[in-house]
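# Descriptive analysis of the structure
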Amino acid sequence: MSILFSPLTLRGLTARNRLWVAPMCQYSAADGIPQEWHHTHLAQFASGGAGIVMAEATAVSAEARISPEDTGLWNDAQRDAWAPIVAAIRERGALAGVQLAHAGRKASTWSPFSGHRGSVPPDQGGWGTVAPSAVAYDGFAEPVELGAGAIDAIVRDFAAAAVRAVQAGLQVIEIHAAHGYLLHQFLSPLSNLRSDDYGGSLENRARLLLRIVDAVRDAAPDAALFVRFSASDWADGGWDVEETATVARWAAERGADFFDISSGGLVAHQRIVTGPGYQVGFAAEVRRRADVLVSAVGQITEASQAEQLLAAGDADAVMAAREWLRDPHFALRAASELGADIDYWPKQYLRARPA
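Figured I'd write up the structure that's included with this text. (Residues numbered from 1 in each chain as written. Predicted model: local features only at pLDDT ≥ 70, side-chain atom pairs only at ≥ 80, totals over all residues. Heavy atoms only, no water.)

## Notes on the pairing of strand β9 (residues 224–230)
Of all seven residues making up β9, seven are buried, and the element is well covered by its neighbours. On β9, burial covers both faces: Ala224, Phe226, Arg228 and Ser230 on one face and Leu225, Val227 and Phe229 on the other are all buried. The sheet contact formed by strand β8 (residues 172–177) and β9 spans six bridges and is parallel. Opposite Ile173, over in β9, you have Leu225 as the bridge partner. As paired elements, β9 and strand β10 (residues 258–262) share five bridges and run parallel to each other. The residue of β10 that forms the bridge with Ser230 is Ser262. Viewed along the sheet, the connection from β9 through helix α7 (residues 241–253) into β10 turns out right-handed. (Buried < 20%, exposed > 50% of the residue type's maximum accessible area, 1.4 Å probe, protein only. Helix = DSSP H or I, 4+ residues; strand = E, 2+ residues; numbered from the N terminus. Pairing = 2+ DSSP bridges. Right-handed = clockwise from strand over helix to strand, strands pointing away.)

## Let's talk about unusual backbone geometry
Glycine aside, the phi torsion of most residues is negative, and most peptide linkages are trans. Although it is not a glycine, Arg11 sits at a positive phi angle of roughly 50°. On the basis of relative accessible area, Arg11 is assigned to the partly exposed category, the value being 38%. Positive phi is not limited to glycine here, since Asp291 has a value of about 55°. Considering the arrangement of structural elements, one finds Asp291 in the loop between α8 (280–290) and β11 (294–296).

## A short note on the nonpolar core
Leu209, Phe229 and Phe259 are the most contacted members of the largest nonpolar core, which totals 94 residues. For this core, the element with the most residues is helix α3 (residues 148–167), which contributes eight residues. In contact with Leu209, other than residues within four places in its own chain, are Ile175, Ala177, Leu183, Leu187, Val227, Phe229 and Val247. (Core = buried A, V, L, I, M, F, W, Y, C linked by side-chain atoms within 4.5 Å. Contact = heavy atoms within 4.5 Å.)

## Focus: helix α9 (residues 303–311)
Because the α-helix completes a turn every 3.6 residues, residues three or four places apart line up on one side. Those residues of α9 lying buried are Ala303, Gln305, Ala306, Glu307, Leu309 and Leu310. In this fold, the buried residues of α9 make contact with α8, β11, β12 (317–320) and α11 (330–338). Where α9 terminates, the next one or two residues include Gly313, which has phi positive at roughly 80°.

## Overview of helix α1 (residues 36–47)
For α1, spanning 12 residues, the distance from its first C-alpha to its last is 17 Å, which sits close to the expected 16 Å at 1.5 Å a residue. Turning to α1, its buried residues number three or more, namely His38, His41, Leu42, Ala43, Phe45, Ala46 and Ser47. Packing partners of the buried residues in α1 comprise β3 (19–21), β4 (52–59), α2 (76–91), α10 (322–326) and α11. A positive backbone phi angle near 100° is found at Gly49, which sits one or two residues after α1. (Expected span 1.5 Å × (residues − 1).)

Structural data, given as structure tokens:
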């Protein structure tokens, strides 16, 4: 029996396998509303056998967007546009998830398709950004340090977005605390220079994330709740895997079910050493230290590679991104390569199933 193609149940929801689609920004929304592109893009992965399809970083407020073209869940029109997309994913047998996010000091930036880089000026559709401290990401506009009232509002924004996510039919909610966005900015001492209840000690730097875990769990009690962490800043003096494991354990005690382990993204001077499975060790370390369920991500492109890391106990599931873009039927192919007997080939595609 393939471990990769064994089911995994989280909070009463069963993913049919452990090969999942990682959230991937498409920069193709209009006023936060997902478009036909998103429908086709996400539904195809469910047809291709994914266990969970996690929609892209979706902003909890207009100011939380990475770019003006990000998806959102801060109003009901966005919720209603997500509903048919979510239904299409679920009808094809996958669990439907969304990553709720606030970009913080990395908000209001040009999309990769714009031909520009850096912050979008206000007269061209940009907006002012916020962060734990008034320290800019290299090349971006300087953010405003968040006050206590604004922090409280962000917690409410995450909770309200979680309610809309559930109303749209989403079953899995991931809180984005990775890749240099707002919650990661609070966690890391390289970006959080505060001296109040949200800065200094690890407990203080984790306070906002844990408040959001509480708020989202209360708002969506039946959803599987994930947290995505960058387990290392890949920079001296930054956030590390030991702190990640500690905060993951605290989040699990508050109702988080699963941890999606990535790395990097906080500072421009990071020094990342890449290669096949280069982030798997972080997932394994968090799993071991915190005794929580985790996924691994990062240049995982082969069925045998994914199967082996699960068999080694390095992770409980695999999140892939670029390989799904190269092959939207990655799971169907992987099952054939591993000899896994699955029963969810689309009937329309059965004539192509390998003998």
